[in-house]
Amino acid sequence: MFDNKDYIIMKNLVSDQESFSIFQAAKQLKTSTRTIYYALNKLNEFLTAQQVNTIDYSKENTTMMSDETKDYLSQFIDKALAKYYILSQEERIQLALLHSLLIEEKLNVQYFEKMFNVSRNTILNDFKLLRNKLLKFHCLLEYSASKGYFIDGTNLRKRSVLFMVINDLREKPFLLKKQFYHEQDYYTAIKLVDALDVH
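All of these numbers come straight from a predicted model, not from anything done at the bench. (Residues numbered from 1 in each chain as written. Predicted model: local features only at pLDDT ≥ 70, side-chain atom pairs only at ≥ 80, totals over all residues. Heavy atoms only, no water.)

Asks: Lay out empty space enclosed by the protein with the relevant residues and their values.
Replies: All chains considered together, the criterion is met by one cavity of 30 Å³ or more. Its boundaries defined by the atoms lining it, the largest cavity holds a volume of some 40 Å³. Residue lining of the largest cavity: Phe2, Asp6, Ile9, Met10, Ala39 and Leu43, and that is the complete set. Of all the secondary-structure elements, those providing two or more residues to the lining of the largest cavity are α1 (4-15) and α3 (33-49). The leading source of residues in the lining of the largest cavity is α1, at three residues. (1 Å grid on protein atoms, 1.4 Å probe; cavity = no way out; pocket = protein on both sides within 12 Å on 5 of 7 lines; lining within 4 Å. Points joined across faces, edges and corners; volume = space filled by probe spheres on them. Helix = DSSP H or I, 4+ residues; strand = E, 2+ residues; numbered from the N terminus.)

Dropping the structure here:
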């Protein structure tokens, strides 16, 4: 399973394989070089399981990989990473906000448990932080037996929340693809933003 740190490392490897620096990656992610080496080792274990050439990081601070591996990682990020990705609490909150704003079906705790594959207590703890985030926009997370969870606020304020979430996730479009059931991607979400009535 991969997280945001692994995603950034993969993106850097794909875009800058000639100049990928383990020291620079550690600085960018505000972590240790040991953590970067651990992430590369985990990625190599995954590549081996997929029968793809591994990344060579035997030389200090440098990496080397074949064009085949680079192409595989590029395709993996775009099309398959979501299946192996572990959401952070902040990412769960952002996606819960998106669903509360855009999905018309009834949203209850069980809905989010299944969506994120976490416990009821985890969802309830997430909602505490989600409510605090909404207060900054003068919105509330409400619940009713008929509607489930929904965001209460003016359309203008809900539009602001939606823009905030999409801007936070725009560097990870695969997360949007993962969570929308009709394969709506980032650009579809933008259209939905524009479709919100402003009063």
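From this point on, the discussion continues.
Asks: How would you summarise helix α4 (residues 67-79) if you had to cite specific residues and measurements?
Replies: With 13 residues, α4 extends 18 Å between its outermost C-alpha atoms, agreeing within 8% with the 18 Å of an ideal straight helix rising 1.5 Å per residue. For α4, the set of buried residues is Thr69, Leu73, Phe76 and Ile77. Angularly, the buried residues of α4 cover 95° about the axis, an arc narrow enough to put them on a single face. Every exposed residue of α4 that faces more than 90 degrees away from the buried side is listed here: Asp67 and Lys79. (Expected span 1.5 Å × (residues − 1). Buried < 20%, exposed > 50% of the residue type's maximum accessible area, 1.4 Å probe, protein only. Arc of directions from axis to C-beta.)

Asks: Please provide a residue-by-residue account of the packing of α1 against α4, values included.
Replies: Direction vectors running N to C along α1 and α4 enclose 135°, while the axes themselves pass 9 Å from each other. In terms of axis orientation, α1 runs oblique to α4. Two packed elements cross with a definite hand, and for α1 against α4 that hand is left-handed. Across the interface between the two elements, Tyr7, Met10, Lys11 and Val14 of α1 pack against Lys70, Leu73, Ser74, Phe76 and Ile77 of α4. Residue classes in the contact of α1 with α4 are distributed as six nonpolar, one polar and two charged. (Axes fitted to C-alpha atoms, helices over the stretch in contact; angles between N-to-C directions. Parallel < 35°, antiparallel > 145°, perpendicular 65-115°, else oblique. Left-handed = near helix turned anticlockwise from the far one by under 90°. Contact = heavy atoms within 4.5 Å. Nonpolar A, V, L, I, M, F, W, Y, C, P; charged D, E, K, R; others polar.)

Asks: Could you give me a rundown of the packing of helix α5 (residues 89-102) against helix α6 (residues 109-116), with the residues and numbers involved?
Replies: A pair of packed helices can be characterised by two numbers: the angle between their axes and the separation between those axes. As a packed pair, α5 and α6 sit with axes 12 Å apart at the nearest point and diverge in direction by 130°. Comparing the axis directions of α5 and α6 gives the class oblique. Of the two elements, α5 crosses α6, and the hand of that crossing is right-handed. Side by side, α5 and α6 meet where Arg92, Leu95, Ala96, His99 and Ser100 of the first sit next to Tyr111, Phe112, Met115 and Phe116 of the second. Its residues assigned to classes, the contact of α5 with α6 comprises six nonpolar, two polar and one charged.

Asks: Break down the pairing of strand β1 (residues 140-144) for me, citing the residues and quoting the values.
Replies: Bridging between β1 and strand β2 (residues 148-152) involves five bridges; their strand directions are antiparallel. Residue Tyr143 lies in a different strand from β2, and its bridge partner there is Tyr149. Between the antiparallel neighbours β1 and β2 lie three residues. (Pairing = 2+ DSSP bridges.)

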